[in-house]
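One-letter residues, chain by chain:
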Amino acid sequence: MPRIPLTILTTLLSLCAWGQPRTDSLLENLVRRHASPNLQHVLQHPDSFRYQLIYTQIDRDKRNRPHFRNYYFHVDADSYFNPASTVKLPIAVLALEKLHELRVRGLDRYTPMLTDSAYNGQVTAYTDSTSENGLPSIAHYIKKIFLVSDNNAYNRLYEFVGQQAIHEKLWARGYPGVRIVRRFMPLDEEGNRHTNPIRFVREDGSLVYAQPAAYCTLPFDFSKKILIGNAHMNRDEQLVHAPFDFTKQNYFPLESLQHLLQTVLFPESAPRSQRFKLTRDDYRFLYHYMSAYPSEADYPHYDRKQYFDSYTKFFMFKSGQREIPPHIRVFNKTGWSFGFLTDVAYIVDFKNNVEFMLTGTLYVNRDGVLNDDRYEYETEGYPYFKEVGNIIYQYELERKREHAPDLKRFANARKDN
């Protein structure tokens, strides 16, 4: 029998597996072998919990260049999950990139940003009581997005970038399946296509740059119906005995989330056409707030009881509000909505020279009713992320590396900008 070239064999295997969740034995066996009874229960019901997991090993060469290998567990781009606040990550990055593209003298991420309204349902934003000078800015919105996943901050940056530019930029960088078509406020499809006029001003009120209202003319493919659950609460808080319709909601496949975070944290690992046009200072700013805790911020100042340090750190730490050791830092973005929990994370242990990425999503909704704010986040969701994170972390502590990583770039990101 003639020998089949490896490239052709790989293609054939991919075709045979089309439409099936992608799973690698190393990751599946690792998780199952160490799983508690509660985690085993989740793993035995993939259709109910809709879990997907990507574990990314990082190995450095002698020049400290990172090399990545992804392992998958039940990953399926056709299996919808609501990305919730994870979409705030690309919006924050695109907002920084747009500032450079505008090339306006005196305009930077700290320039006060005033949002006007020009369409039904839009809101204005002229002040921000949580900032040091009482004024909103790109920088302050990004801080709030990563520190506590602030929805209003995301809405304002969505309006600054614009729905059309969001998709043109992401699609051109190799994310054709991504769809970010909604703010987190009560607007219909048409309302989300309209974005506000915005002014950037000096602190004395004089104008630096004015951006007119915009409208997105792009067509979106909503042909695939996405219905989840047995019933849902409508906007009038009435129970509707029908699945919730996610067809026109935001969409961000898990592999795309992992790749985007990797591109932001390790831009040199991506082709130039896929990298974001940011400065070294932009990256340092992003890395700081992607890994910072609410207690480390003076502006905004957060109630530590409500916004504890692991508030947005699902893997390993959020369950039980676990304290994060000083030698570990998590660079990530989480999202939670409609019973879906998602975390895309790069976890670093500076003491033990360990680094890896984990990207995962889980659905917890025992009664099958959506939009009722009754989900098993605390009892099933966060414990899942804690246990899976700890299993991979313990494996990483024991995994042999030919070259110890130099992690100074990320260690320096802990310093405030």
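Residues numbered from 1 in each chain as written. Predicted model: local features only at pLDDT ≥ 70, side-chain atom pairs only at ≥ 80, totals over all residues. Heavy atoms only, no water.

Q: In this structure, what is going on with the overall build of the protein? I would like to understand it.
A: Across its full length, the protein carries 14 helices and 15 strands. Its C-alpha radius of gyration of 22 Å places the protein within 12% of the 22 Å reference for a compact globule of 417 residues. In terms of its C-alpha atoms, the protein occupies a principal-axis envelope of roughly 75 × 55 × 50 Å. Looking at the protein as a whole, 54% of its 417 residues are labelled buried. Excluding contacts between residues fewer than 6 apart, the proportion of contacts in the protein whose partners are at least 24 apart in sequence is 68%. With 53 positive and 49 negative side-chain charges, the protein shows a spacing of 6 Å between the two charge centroids. (Helix = DSSP H or I, 4+ residues; strand = E, 2+ residues; numbered from the N terminus. Rg over C-alpha atoms; globule rule 2.2 N^0.38 Å. Buried < 20%, exposed > 50% of the residue type's maximum accessible area, 1.4 Å probe, protein only. Contact = heavy atoms within 4.5 Å. Lys, Arg positive; Asp, Glu negative; His and termini not counted. Charge placed at Lys NZ, Arg CZ, Asp CG, Glu CD.)

Q: Help me understand the pattern of salt bridges in this model?
A: As a working rule, side chains carrying opposite charge can pair if their charged atoms are close by. By the definition in use, this model includes 24 salt bridges. Among the ionic pairs, Arg 60 bridges to Glu 355, the shortest N-O distance being 2.7 Å. You can see Arg 60 sitting in strand 1 (residues 52-60) and its partner Glu 355 sitting in strand 14 (residues 354-363), a full 295 residues away along the chain. Relative accessible area serves as the criterion here: at 0%, Glu 355 is assigned to the buried category. Here Asp 282 makes a salt bridge to Arg 109, at a shortest N to O gap of 3.2 Å. Here the residue Asp 282 occupies a position in helix 11 (residues 280-291), and Arg 109 occupies one in the loop between helix 5 (88-102) and strand 3 (113-115), the gap between them amounting to 173 residues. Look at Arg 109 and you get buried, because its relative accessible area is 8%. (Salt bridge = Lys/Arg side-chain N within 4 Å of Asp/Glu carboxyl O.)

Q: How should the sheet that holds strand 3 be read in this particular structure?
A: Across a sheet, paired strands are connected by hydrogen bonds in the backbone, their directions being either parallel or antiparallel. With respect to topology, 3 strands assemble into an open sheet ordered 3-5-6, the strand pairing being antiparallel. The open sheet terminates on both sides in strands that have one partner only, identified here as strand 3 and strand 6 (207-211). Neighbour to neighbour, the strand axes of the sheet diverge by 20 degrees on average, direction disregarded. (Pairing = 2+ DSSP bridges. Axes fitted to C-alpha atoms, helices over the stretch in contact; angles between N-to-C directions.)

Q: What is the right way to read helix 11 from this model?
A: An α-helical turn contains 3.6 residues, so any two residues separated by three or four positions project in the same direction. Counted at 1.5 Å a residue, the expected span for helix 11 with its 12 residues is 16 Å, and the 17 Å between its end C-alpha atoms agrees. The element helix 11 is extensively covered by neighbouring structure, given that 9 of its 12 residues are classed as buried. Every buried residue belonging to helix 11 is among Asp 282, Tyr 283, Phe 285, Leu 286, Tyr 287, His 288, Tyr 289, Met 290 and Ser 291, and all of these are buried. Buried residues belonging to helix 11 abut helix 5, helix 6 (138-148), helix 10 (254-265), strand 12 (328-337) and helix 14 (408-412). (Expected span 1.5 Å × (residues − 1).)

Q: Is there a simple way to explain unusual backbone geometry in this structure?
A: Negative phi is the rule for most residues except glycine; trans is the rule for most peptide bonds. Along the chain, Tyr 299 connects to Pro 300 via a cis peptide bond; the corresponding omega equals -5 degrees. With respect to the secondary-structure elements, Pro 300 resides in the loop between helix 11 and helix 12 (314-317). Located in the positive-phi region is Arg 50, a residue other than glycine, with phi close to 50 degrees. Residue position: Arg 50 is located in the loop between helix 4 (46-49) and strand 1. Arg 50 sits in the partly exposed class, given a relative accessible area of 22%.

Q: Sorry if this is basic, but what is going on with the nonpolar core here?
A: As a rule of thumb, nonpolar side chains are buried together in soluble globular proteins. Ranked by size, the top nonpolar core spans 120 residues in total, and within it Ile 138, Ile 180, Leu 286 and Tyr 346 carry the most contacts. For Leu 286, the contacting residues outside a window of four places in its chain are Val 93, Leu 96, Ile 142, Phe 146, Val 264 and Leu 278. (Core = buried A, V, L, I, M, F, W, Y, C linked by side-chain atoms within 4.5 Å.)

Q: Would you mind showing me how to read the packing of aromatic side chains here?
A: Here a ring pair, both rings aromatic, is described through the centre-centre distance and the interplanar angle of the planes. Within the structure shown, the criterion is met by 38 aromatic pairs. With centroids separated by 6.5 Å and ring planes inclined at 80 degrees, the aromatic side chains of Tyr 80 and Phe 340 adopt a geometry described as edge-to-face. Of this pair, Tyr 80 sits in the loop between strand 2 (66-73) and helix 5 while Phe 340 is found in strand 13 (residues 340-349), placing the two residues 260 residues apart along the sequence. Accessibility expressed as a relative area gives 3% for Tyr 80, which makes it buried. A relative accessible area of 0% places Phe 340 in the buried class. Taken together, the ring pairs connect Tyr 302, Tyr 307, Phe 308, Tyr 311, Phe 314, Phe 315, Trp 336, Tyr 375, Tyr 377, Tyr 382, Tyr 384 and Phe 385 into an aromatic cluster. The positively charged end of Lys 98 is found above the aromatic ring belonging to Phe 160, 4.7 Å away from the centroid. Cation over ring: Arg 109 sits above Phe 285, and NZ or CZ is 4.3 Å from the ring centre. (Phe/Tyr/Trp six-rings, centres within 6.5 Å; stacked < 30°, edge-to-face > 60°. Lys NZ or Arg CZ within 6 Å of the ring centre and 35° of its normal.)

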